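The chain contents come next:
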Amino acid sequence: MPRVRRRSLLVLAALAVILAGGTFVRWATRPVPHGECVVAYSRISGDGRPATGRELDGLVRRAYDKAVAEGRCEPPWPRWRGWLD
């Protein structure tokens, strides 16, 4: 019985290491914005109702994408590239 228990603990430890490694790789390769990028936006509503958070997030995202496309801001790159600079 002790051999079976030791083997199952080794298997669990190996799975934990694999899961931690996979999580780290996913975190390190996600694109993130770098550098300063100031984005201005405005919203005018004819009906007088305040904008929802989702609407404001969409405005900011579109303004940021436009600034990147026009070359005013650096595009996002994987997090690991910052480690090599």
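This text goes with the structure placed above it.
About the cut-offs
Residues numbered from 1 in each chain as written. Predicted model: local features only at pLDDT ≥ 70, side-chain atom pairs only at ≥ 80, totals over all residues. Heavy atoms only, no water. Helix = DSSP H or I, 4+ residues; strand = E, 2+ residues; numbered from the N terminus. Rg over C-alpha atoms; globule rule 2.2 N^0.38 Å. Buried < 20%, exposed > 50% of the residue type's maximum accessible area, 1.4 Å probe, protein only. Contact = heavy atoms within 4.5 Å. Areas by Shrake-Rupley, 256 points an atom, 1.4 Å probe, with all protein chains shown as cover. Disulfide = S-S within 2.5 Å. Salt bridge = Lys/Arg side-chain N within 4 Å of Asp/Glu carboxyl O. Expected span 1.5 Å × (residues − 1).

Trainee: I'd like to hear about the overall build of the protein chain, residue by residue, with values.
Mentor: Along the protein chain, the regular secondary structure elements total three helices and two strands. Each helix and strand of the protein chain, placed in order from N terminus to C terminus, yields the pattern α-β-α-β-α. Scaling as 2.2 N^0.38, a compact globule of 85 residues should have a C-alpha radius of gyration of about 12 Å, whereas the protein chain reaches 23 Å, well beyond that. The 85 residues of the protein chain split such that 11% are buried. Of the contacts made within the protein chain by residues no fewer than 6 positions apart, 58% connect residues no fewer than 24 positions apart. Summed over its atoms, the accessible surface of the protein chain is roughly 7,500 Å², and 61% of this surface lies on carbon and sulfur atoms.

Trainee: Give a description of the state of the cysteines that names residues and reports values.
Mentor: Considering all chains together, one arrives at one disulfide under this definition. Bridging C37 to C73, the disulfide has an S-S length of 1.7 Å. Looking along the S-S bond of the C37-C73 disulfide, the torsion reads about 70°, which is the right-handed sense. Within this pair, whereas C37 is found in the loop between β1 (31-32) and α2 (53-69), its partner C73 is found in the loop between α2 and β2 (77-78), the two being separated by 36 residues in sequence. Its relative accessible area of 26% is what places C37 among the partly exposed residues. Among the residues examined, C73 registers a relative accessible area of 7% and is labelled buried.

Trainee: Describe the pattern of salt bridges, with residues and values.
Mentor: The full count for this structure, using the stated rule, is two salt bridges. Taking the shortest distance from any N to any O, the salt bridge between D65 and R61 comes out at 3.3 Å. On the criterion of helical spacing, the pair formed by D65 and R61 is a turn pair, its members being four residues apart in helix α2. Judged by its relative accessible area of 36%, D65 is partly exposed. R61 sits in the partly exposed class, given a relative accessible area of 47%. Among the ionic pairs, E70 bridges to R72, the shortest N-O distance being 2.9 Å.

Trainee: Tell me what's going on with α2, and back it up with residues and numbers.
Mentor: Its 17 residues place the ends of α2 24 Å apart at the C-alpha level, agreeing with the 24 Å of an ideal helix rising 1.5 Å per residue. G58, L59, A63, Y64 and A67 are the residues of α2 that are buried. One or two residues past the end of α2 sits G71, with phi positive at roughly 85°.

By themselves, these observations are geometric and do not establish any function.
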